[in-house]
Amino acid sequence: MTICDTCAEPGGRAPGADWAVALTKAAQDCGLQVEFVTCSCLNMCQSPVAFALQGAHKATYLFSGADPAQDTQDMLGLLKLYADAPEGWITEAEAAGRLRLCLQGRVPKL
């Protein structure tokens with residue numbers, strides 16, 4: 001998973017890097033094996049915080065509008081859905097909570 005570390009909230013704070021650290025611990029505590037990395041800009045600046053889900057032999061998803069202060073539990077649900085989805089195609093996203101409404105795009109696996 002890639003999280004934008006330059007997406008700024010109102011007030012100028014960029015919480016992506018801190019969220020990646022918090023998610024690493026939360027995912028480990030839940031038994032999820034996910035690598036979290038940050039990058040400078042996912043080109044979703046109009047609706048921070050942006051992140052992408054990518055996996056070997058899986059579809060890629062791009063999200064924006066995540067709120068690290070409230071979306072950690074929904075992120076764990078989304079990560080489990082993605083891990084369990086054949087070829088990365090998530091068909092029922094209720095477990096992703098609010099994050100399912102933040103989806104901006106999906107790219108099929110190569």
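Residues numbered from 1 in each chain as written. Predicted model: local features only at pLDDT ≥ 70, side-chain atom pairs only at ≥ 80, totals over all residues. Heavy atoms only, no water.

Details of the nonpolar core
Residues M1, I3, F51, L53, M75 and L78 are the most contacted members of the largest nonpolar core, which totals 30 residues. Where this core is concerned, the elements lending two or more residues are β1 (2-4), α1 (16-29), β3 (51-53), β4 (60-63) and α2 (72-84). Once you skip the residues sitting within four places of it in the chain, F51 turns out to touch M1, T2, I3, W19, L42, Y61, L62, F63, A66, M75, L78 and L99. (Core = buried A, V, L, I, M, F, W, Y, C linked by side-chain atoms within 4.5 Å. Buried < 20%, exposed > 50% of the residue type's maximum accessible area, 1.4 Å probe, protein only. Helix = DSSP H or I, 4+ residues; strand = E, 2+ residues; numbered from the N terminus. Contact = heavy atoms within 4.5 Å.)

Description of the packing of aromatic side chains
Within the structure shown, the criterion is met by 4 aromatic pairs. Measuring from ring centre to ring centre gives 6.0 Å for Y61 and Y82, while their planes differ by 90°; the resulting arrangement is edge-to-face. Pair noted here: Y61 is in strand β4 and Y82 is in helix α2, with a separation of 21 residues, a long-range link. Relative accessible area serves as the criterion here: at 3%, Y61 is assigned to the buried category. Under the relative-accessibility criterion, Y82 is labelled buried at 7%. (Phe/Tyr/Trp six-rings, centres within 6.5 Å; stacked < 30°, edge-to-face > 60°.)

What about the sheet that holds strand β5 (residues 103-107)?
In spatial order, the strands read β2-β1-β3-β4-β5; together these 5 strands make up an open sheet with mixed pairing. Among the strands making up the open sheet, the edge pair consists of β2 (37-39) and β5. Across the sheet, the mean angle separating the axes of adjacent strands is 20° when strand polarity is ignored. Across the sheet, α1 is in contact with β1, β2 and β3; its angle to β1 comes to roughly 150°. Here α2 sits on the sheet and contacts β3 and β4; the angle it forms with β3, its principal contact strand, is near 25°. (Pairing = 2+ DSSP bridges. Axes fitted to C-alpha atoms, helices over the stretch in contact; angles between N-to-C directions.)

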